[in-house]
Amino acid sequence: MGLEPNYIVVDGQTFSKAKLALDNHVYKNCQIDDCDLYYSGGQYELLDTHITNSRLILNHPAKGIYNALQIFKMKSPGSRIVYE
């Protein structure tokens, strides 16, 4: 038994003016327009999914990571953010 998340797969759906979670979701062949996408930092996938006129809303801990990146960029000239 691994510790990987149990993904919720959403396939071939169209969303408009909806509130959607990104964490632990796979959106496949979807159309997302004018939606609020909530993200907390978990795993997700967007496969052949098109997003237009939508908002990414960061919850903790994703919000904390975003704030740390912004502070690092402002306070550390010449430094780089590295991801693996």
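Read on for an overview of the structure. (Residues numbered from 1 in each chain as written. Predicted model: local features only at pLDDT ≥ 70, side-chain atom pairs only at ≥ 80, totals over all residues. Heavy atoms only, no water.)

## As for the pattern of salt bridges
The final tally for this structure, using the stated rule, is 3 salt bridges. One salt bridge in this structure joins lysine 17 and aspartate 34, with 2.7 Å as the shortest N-O distance. Of this pair, lysine 17 sits in the loop between strand E2 (14-16) and strand E3 (19-21) while aspartate 34 sits in the loop between strand E5 (31-33) and strand E6 (36-39), placing them 17 residues apart in sequence. A relative accessible area of 23% places aspartate 34 in the partly exposed class. (Salt bridge = Lys/Arg side-chain N within 4 Å of Asp/Glu carboxyl O. Helix = DSSP H or I, 4+ residues; strand = E, 2+ residues; numbered from the N terminus. Buried < 20%, exposed > 50% of the residue type's maximum accessible area, 1.4 Å probe, protein only.)

## Things to note about the side chain of aspartate 36
Assignment of secondary structure puts aspartate 36 in strand E6. In terms of polar contacts, aspartate 36 uses its side chain to reach the side chain of arginine 55, at 2.6 Å. When sequence neighbours within four positions are dropped, the list of residues in contact with aspartate 36 reads Ala18, Lys19, Leu20, Arg55 and Ile57. (Polar contact = N/O pair within 3.5 Å; in protein donor to acceptor, adjacent residues only side chain to side chain. Contact = heavy atoms within 4.5 Å.)

## Brief notes about the packing of aromatic side chains
Here the structure, examined in full by the defined rule, presents 2 aromatic pairs. Geometrically, the ring pair formed by phenylalanine 15 and tyrosine 27 is edge-to-face, given 6.1 Å between the ring centres and 85° between the ring planes. In this pair, phenylalanine 15 is assigned in strand E2 and tyrosine 27 in strand E4 (residues 25-28), connecting sequence segments 12 residues apart. You'll find phenylalanine 15 and tyrosine 27 in the same group, each marked buried. Residues tyrosine 39 and tyrosine 44 carry aromatic rings whose centres are separated by 5.3 Å and whose planes lie at 75° to one another, so their mutual orientation is edge-to-face. The exposure class assigned to tyrosine 39 is buried, which follows from its relative accessible area of 18%. (Phe/Tyr/Trp six-rings, centres within 6.5 Å; stacked < 30°, edge-to-face > 60°.)

## Notes on the sheet that holds strand E9 (residues 55-58)
Spatially, 3 strands are ordered E3-E6-E9 in an open sheet, and the strand pairing comes out parallel. Edge positions in the open sheet fall to E3 and E9, since each of these has one partner strand only. Across this sheet, the average inter-strand angle for adjacent strands is 30°, counted without regard to direction. With 4 bridges connecting them, E6 and E9 associate as parallel partners. Within the sheet, the bridge partner assigned to tyrosine 38 lies in E9 and is isoleucine 57. (Pairing = 2+ DSSP bridges. Axes fitted to C-alpha atoms, helices over the stretch in contact; angles between N-to-C directions.)

## Remarks on the pairing of E6
Note that E3 and E6 share 3 bridges and pair parallel. Among the inter-strand pairings, lysine 19 is bridged to a residue of E6, identified as aspartate 36.

## Comments concerning the state of the cysteines
One pass over the full model with this rule turns up 0 disulfides. Cysteine 35 supplies the cysteine sulfur nearest to cysteine 30, a cysteine that is in no disulfide, at a spacing of 10 Å. (Disulfide = S-S within 2.5 Å.)

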